[in-house]
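# Structural features, examined
Spelled out from the first residue to the last, the chains are:
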Amino acid sequence: MNKAAIYPGSFDPMTLGHLDVIKRASKMFDRLIVSVLNNKAKNSLFSVEERVSILREATRDLPNVTVDSFNGLLIDYAREKDIHISVRGLRAITDFEYELQIAQTNRKLSQGMLDTVFLTTSLEYAYLSSSSVKEIAAFNGDISQCVPDFVAKLVHEKFKNIN
Ligand code: PNS
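For the structure given in this document, a descriptive report is provided here. This one's a predicted model, so the numbers in the text were calculated from it and none came from an experiment.

## Thoughts on the side chain of Asp-95
Tracing the chain through its elements places Asp-95 in helix H4 (residues 93–109). At a separation of 2.9 Å, a polar atom in the side chain of Asp-95 contacts the main-chain amide nitrogen of Arg-91. In this structure, Asp-95 is in contact with Gly-89 and Leu-90, ignoring residues within four places of it in sequence.

Structure below.
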């Protein structure tokens, strides 16, 4: 059986924590689509195209991983792709309530067609979030422990242009 899953998220920008989830999920499924939500309501640092391109570069050695983007509801996107599993990372108990709500909403809305699989984040990345990466970088702090080197460069360039 060809088991596929979607890993949806904002990925603004992708962190080492996201990459850890991608690598582990890619071993569990035959095919993994990492998909960036095009959320116009969210004020993002990177455009959807830039986020997709970062993810593509970071996953170029993972042959069963593809990167895409989507608009609207995850269940509609999953239906279009004929995929029935969403993957999400859980860092701490603080993520749980939010993630539980999304997972249950998606299962209800899709009439059981979209289920969610949670991967607990590796301990060394438990503290990481895209928001903290942006906050550290905004004050020119060191983000080399949080994102791959090429992403750190891109984030710092963004803030140089903003400031
Ligand atoms: O990286 P994020 O921002 O925590 O990811 C959240 C995401 C993209 C998984 C979630 O917001 C989502 O799936 N949005 C699409 C809209 C949707 O399907 N909403 C219904 C579930 S509440």
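## Remarks on the nonpolar core
Counting residues in hydrophobic clusters, the biggest one holds 37 residues, and the most contacted among them are Tyr-7, Ile-22, Leu-32, Val-34, Leu-55, Val-87 and Val-155. For this core, the elements supplying multiple residues, two or more each, are strand S1 (4–9), helix H1 (16–28), strand S2 (31–37), helix H2 (48–58), strand S3 (65–70), strand S4 (85–90), helix H5 (130–138) and helix H6 (149–162). If we ignore the near neighbours within four places in the chain, the residues touching Tyr-7 are His-18, Val-21, Ile-22, Leu-32, Ile-33, Val-34, Ser-35, Val-87, Arg-88 and Gly-89. Among the nonpolar cores identified, the runner-up in size contains 10 residues, and Leu-74, Ile-75, Tyr-77 and Ala-78 belong to it.

## A few points about the pairing of S1
The two faces of a sheet get side chains in turn, since along a regular strand they alternate between them. In terms of burial, S1 is a largely internal element, 6 of the 6 residues being buried. Of the two faces of S1, both are covered, the one formed by Ala-4, Ile-6 and Pro-8 as well as the one formed by Ala-5, Tyr-7 and Gly-9. For S1 and S2, the ladder comprises 6 bridges, and the chain directions are parallel. Among the inter-strand pairings, Pro-8 is bridged to a residue of S2, identified as Ser-35. A crossover connection joins S1 to the parallel S2 through H1; in handedness this β-α-β unit is right-handed.

## Describing the site of the ligand
Within the structure, the ligand sits among Gly-9, Ser-10, Leu-37, Lys-42, Gly-72, Leu-73, Leu-74, Arg-88, Tyr-98 and Asn-106. Arg-88 is positioned such that a nitrogen or oxygen atom in its side chain is 2.9 Å from an oxygen atom of the ligand. Expressed as a share of its isolated accessible area of 550 Å², the protein-covered part of the ligand is 76%. Residues of the shell around the ligand, tallied by class, amount to 4 nonpolar, 4 polar and 2 charged.

## Here we look at the environment of Val-67
Topologically, Val-67 is positioned in strand S3. Distance in space between the C-alpha atoms of Val-67 and Arg-31 is 11 Å, their sequence separation being 36 residues. If sequence neighbours within four positions are ignored, Val-67 has contacts with Val-34, Val-52, Leu-55, Arg-56 and Thr-59.

Rules and cut-offs
- Residues numbered from 1 in each chain as written.
- Predicted model: local features only at pLDDT ≥ 70, side-chain atom pairs only at ≥ 80, totals over all residues.
- Heavy atoms only, no water.
- Helix = DSSP H or I, 4+ residues; strand = E, 2+ residues; numbered from the N terminus.
- Polar contact = N/O pair within 3.5 Å; in protein donor to acceptor, adjacent residues only side chain to side chain.
- Contact = heavy atoms within 4.5 Å.
- Core = buried A, V, L, I, M, F, W, Y, C linked by side-chain atoms within 4.5 Å.
- Buried < 20%, exposed > 50% of the residue type's maximum accessible area, 1.4 Å probe, protein only.
- Pairing = 2+ DSSP bridges.
- Right-handed = clockwise from strand over helix to strand, strands pointing away.
- Near = heavy atom within 4 Å.
- Areas by Shrake-Rupley, 256 points an atom, 1.4 Å probe, with all protein chains shown as cover.
- Nonpolar A, V, L, I, M, F, W, Y, C, P; charged D, E, K, R; others polar.

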